[in-house]
Amino acid sequence: MNCALITGASRGIGRAIALRLAMDHQLYILVNYSSNLEAAEQTLQQIREQGGDGELLPFKVQYKQEVDQALDAWKANNPDKHIHVLVNNAGVTRDGLFMWMPESDWDEVMDVSTKGLFNVTQNAIQQMLRKRIGRIVNVASVSGMKGVAGQTNYSAAKGAIISATKALAQEVAKRKITVNAVAPGFITSDMTKELNEQELKQMIPMNRFGQAEEVAHLVSFLVSEKAAYITGEVININGGIYS
Ligand code: NAP
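First things first, this report covers the structure right here in the doc. Since this is a predicted model, take the numbers as computed values, not measurements. (Residues numbered from 1 in each chain as written. Predicted model: local features only at pLDDT ≥ 70, side-chain atom pairs only at ≥ 80, totals over all residues. Heavy atoms only, no water.)

### Observations concerning the pairing of strand 2 (residues 28-31)
In strand 2, alternate side chains face the same way, and those of Y28 and L30 on one face and I29 and V31 on the other are all buried. As defined by bridge partners, strand 1 (residues 2-6) adjoins strand 2 across four bridges and the pair is classed as parallel. Bridge pairing in strand 2 links I6 to V31. In terms of handedness, the path from strand 1 via helix 1 (residues 12-25) over to strand 2 forms a crossover that is right-handed. Pairing of strand 2 with strand 3 (residues 54-56) involves three bridges; the strand directions are parallel. Looking at the pairing, L30 lines up with E55 of strand 3. Crossover strand 2 to strand 3 through helix 2 (residues 37-49) is right-handed. (Buried < 20%, exposed > 50% of the residue type's maximum accessible area, 1.4 Å probe, protein only. Helix = DSSP H or I, 4+ residues; strand = E, 2+ residues; numbered from the N terminus. Pairing = 2+ DSSP bridges. Right-handed = clockwise from strand over helix to strand, strands pointing away.)

Next up, the structure:
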């Protein structure tokens, strides 16, 4: 059975991607999350309500041992299932001006994004390499494309994800594994709920924040058979804020 592992699928963009991939591609969804069990259970319930299925797979992406333990145990218990799609979506922000940024804010944002990508991808890609098929989508950000003041840590982390996407895509293309990134602008979610949408939307040509479901449709296309020849790409989804 083909599965999709989505990191940070308990809320926001990750949840929308989980629901969309279950619906569009009949994938069995591995709902990863960090600590919010209640929200993760809601994601799973919604997947089941729309006729799909999956299970919860909690781990903090930045800790290699935790990731390997969870994924290796899951693989051992599920020899009939394999991870066909990986969406590296988990991410955090710790915004602040660089000159006053605590080292811990730099480390946490970099670790969740970049160590997270390394840990989860290195484990999950082994089955894809053996089966000679797979889809990896990394969730970057407009911050990683253009750099955003007050987000030097987050811009660096997302920029690294974009470069890693391009490099890994070249390594695994022969095995029919595609590796792409999406770079959302402002999307309505818990991550952006403190932002002043009324003010910020004035600098967005579409004059609104995007919806998590809109990002999910893009990811759904990238994991589809129709997107088999697209790899190493970064696709902006930002209402025209940066193109
Ligand atoms: P969100 O609403 O804050 O949700 C974050 C998700 O990531 C939650 O499911 C959370 O799990 C999980 N998570 C956080 N740290 C984790 C860790 N160490 N290990 C595993 N899971 C972890 O964020 P969002 O807005 O949906 O953002 C999702 C992705 O899109 C992030 O990579 C973000 O950088 C990117 N993005 C967002 C926007 C935007 O405007 N919202 C724009 C561009 C890019 P718990 O529920 O357990 O905490």
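Text resumes after the structure shown.
### Some thoughts on the site of the ligand
Neighbouring residues of the ligand: 33 residues in total, closest S10, S35, N89, Y154 and S189. Between the ligand and S189 there is a distance of 2.5 Å, counted from an oxygen atom to a side-chain nitrogen or oxygen. Of the residues contributing to the shell around the ligand, the split by class is 15 nonpolar, 14 polar and four charged. (Near = heavy atom within 4 Å. Polar contact = N/O pair within 3.5 Å; in protein donor to acceptor, adjacent residues only side chain to side chain. Nonpolar A, V, L, I, M, F, W, Y, C, P; charged D, E, K, R; others polar.)

### Some thoughts on the pattern of salt bridges
Pairing between side chains of opposite charge can happen when their charged atoms approach one another. Throughout the structure, instances matching the rule amount to six salt bridges. D24 is paired through a salt bridge with R20; the nearest N and O atoms lie 2.7 Å apart. Taken together, the positions of D24 and R20, both in helix 1 and four residues apart, correspond to about one turn of that helix. The exposure class assigned to R20 is partly exposed, which follows from its relative accessible area of 22%. (Salt bridge = Lys/Arg side-chain N within 4 Å of Asp/Glu carboxyl O.)

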